Amino acid sequence: MDAKSQLKVIDAGFIIIRADDQPNIRIKCKDKKSTEWHTLERFNTKSARDKRMVQLLALQMVITD
């Protein structure tokens, strides 16, 4: 998804999430508060992060790029 499309879905109320491993294991997001990538949650293991990603993606207004 390009940046222009991301802004459209954010304006519609969606939150975009992405898994990241550097500099730490975390989930990053873009939302109405900040259209730049920022840390949503940090984790000790990739497994914990991946389980949380599944939980978040089950929500109606959360998508991944």
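Below: a short report on this structure. (Residues numbered from 1 in each chain as written. Predicted model: local features only at pLDDT ≥ 70, side-chain atom pairs only at ≥ 80, totals over all residues. Heavy atoms only, no water.)

1. Topic: the sheet that holds strand S3 (residues 38-42)
- Pairing is mixed in the open sheet, where 4 strands are placed in the order S3-S2-S1-S4. Among the strands making up the open sheet, the edge pair consists of S3 and strand S4 (62-64). Put simply, the sheet's adjacent strands are angled 35° from each other on average, direction ignored.
- Summarising the sheet, strand S1 (residues 15-20) and S4 pair through 3 bridges and their orientation is parallel. Across the sheet, Ile 17 pairs through a bridge with Thr 64, a residue of S4.
- Across the face of the sheet, helix H1 (residues 3-11) comes into contact with S1, strand S2 (26-30) and S4 while running at roughly 125° to S1. (Pairing = 2+ DSSP bridges. Helix = DSSP H or I, 4+ residues; strand = E, 2+ residues; numbered from the N terminus. Axes fitted to C-alpha atoms, helices over the stretch in contact; angles between N-to-C directions. Contact = heavy atoms within 4.5 Å.)

2. Observations regarding the nonpolar core
- Counting 8 residues, the largest nonpolar core is built from Ile 17, Ile 25, Ile 27, Cys 29, Phe 43, Met 53, Leu 56 and Val 62.
- Among the secondary structure elements, those contributing two or more residues to this core are S2 and helix H2 (46-57).
- When neighbours within four sequence positions are excluded, Val 62 is seen to be in contact with Phe 14, Ile 15, Ile 17, Leu 56 and Leu 57. (Core = buried A, V, L, I, M, F, W, Y, C linked by side-chain atoms within 4.5 Å. Buried < 20%, exposed > 50% of the residue type's maximum accessible area, 1.4 Å probe, protein only.)

3. Quick look at unusual backbone geometry
- The amide bond that connects Gln 22 to the next residue, Pro 23, takes the cis arrangement and shows omega of 5°.
- Mapped onto the elements, Pro 23 comes out in the loop between S1 and S2.

4. Things to note about the pattern of salt bridges
- For the structure shown, the criterion picks out 7 salt bridges.
- Notably, a salt bridge pairs Asp 20 with Arg 26, separated by 2.7 Å at the nearest N-O pair.
- Judged by its relative accessible area of 16%, Asp 20 is buried.
- Exposure remark for Arg 26: the relative accessible area of 14% places this residue in the buried category.
- A network of salt bridges, in which partner residues are shared, links Asp 21, Lys 46, Arg 49 and Asp 50. (Salt bridge = Lys/Arg side-chain N within 4 Å of Asp/Glu carboxyl O.)

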